[in-house]
Amino acid sequence: MTIGWNDNTPIYRQLKEKVIGMMLDGALKAGDALPSVRQVAADYQLNPITVSRAYQELVDEQLVEKRRGIGMYVTEGASEKLLASERERFVREEWPAMLERIRRLGLDIDQLPRPQDGAPS
């Protein structure tokens, strides 16, 4: 996990989003252990409380479960839950802005290249 922090968002949220990205990309699957709070804090020179806060939000969203004494693990169905919520957020928040930009540029959505047509995916 390589991380470049930005100053616009709290680090715990950025760390949480990195873990979520790893789940969506399949790098972390159901049953996989997350790196320990101490390990992440040491690797990225973070306060362990910052790492704990990111992990706790994942627990609160039932994407990760604490197993007392052995660590944090990705829950069954976490990827599916994330995909559903990310798709809903995209359609609600990002897609309308994209459609507006397409309209402003005078593009015809039916004439836009598709990934299978050789456009970057």
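Residues numbered from 1 in each chain as written. Predicted model: local features only at pLDDT ≥ 70, side-chain atom pairs only at ≥ 80, totals over all residues. Heavy atoms only, no water.

**Observations regarding the nonpolar core**
Rules: The set of buried Ala, Val, Leu, Ile, Met, Phe, Trp, Tyr and Cys residues whose side-chain atoms join them within 4.5 Å is what this entry labels a nonpolar core. Classification of residues uses two cut-offs on accessible area relative to the type maximum, computed with a 1.4 Å probe and protein chains only: under 20% is buried, over 50% is exposed, and between them is partly exposed. By definition in these notes, contact holds between two residues if any of their heavy atoms fall within 4.5 Å.
Residues Met23, Leu34, Tyr55, Leu58, Leu63 and Val64 are the most contacted members of the largest nonpolar core, which totals 21 residues. If sequence neighbours within four positions are ignored, Met23 has contacts with Leu28, Leu63, Val64, Val74, Ala78, Ser79 and Leu82.

**Some details on the environment of Gly21**
Our working definition: Runs of E in the DSSP output that reach at least two residues are strands. Runs of H or I that reach at least four are helices, and both are numbered from the N terminus.
Tracing the backbone shows Gly21 in helix 1 (residues 11–25). Overall, Gly21 belongs to the partly exposed group, its relative accessible area being 23%. Distance in space between the C-alpha atoms of Gly21 and Ser79 is 9.8 Å, their sequence separation being 58 residues.

**Looking at the side chain of Gln14**
Selection criterion: For this analysis, a polar contact is any N or O atom pair within 3.5 Å, provided that within protein one partner can donate a hydrogen and the other can accept it, and provided that sequence-adjacent residues contribute only side-chain to side-chain pairs.
Examined against the element boundaries, Gln14 turns out to sit in helix 1. For Gln14, the side chain forms a polar contact with the main-chain oxygen of Asn6, separated by 2.8 Å. Sequence-distant contacts of Gln14, that is, excluding residues within four places in its chain, are made with Gly4, Trp5, Asn6 and Thr9.

**What to know about a nonpolar patch on the surface**
Definition in use: Residues form patches when they are more than 30% accessible in relative terms and have no salt bridge. Like charges link within 9 Å. Nonpolar side chains (Val, Leu, Ile, Met, Phe, Trp, Tyr) link within 5 Å. Residue-level accessible areas treat just the shown protein chains as cover; the underlying method is Shrake-Rupley with a 1.4 Å probe. Salt bridge, as applied in this entry: a Lys or Arg side-chain nitrogen positioned within 4 Å of an Asp or Glu carboxyl oxygen.
A contiguous nonpolar surface patch, about 480 Å² in accessible area, is contributed by Phe90, Val91, Trp95, Met98, Leu99 and Ile109. By secondary structure assignment, the location of Phe90 is in helix 4 (residues 78–104). Residue class for Phe90 comes out partly exposed when judged on its relative accessible area of 30%.

**Focus on the UniProt feature "domain: HTH gntR-type" (unreviewed entry) in the protein chain**
This is how it is decided: UniProt positions are given in the numbering used here, feature names are shortened, and annotations may be inferred rather than shown by experiment.
Following the UniProt record, one finds the feature "domain: HTH gntR-type" (unreviewed entry) at residues 9–77. Between the end C-alpha atoms of residues 9–77 the distance is 27 Å, and the span holds 51% helix and 12% strand.

**Considerations on the environment of Thr50**
Topologically, Thr50 is positioned in helix 3 (residues 48–60). Not counting residues within four places of it along the chain, the set of residues in contact with Thr50 comprises Ile11 and Tyr12.

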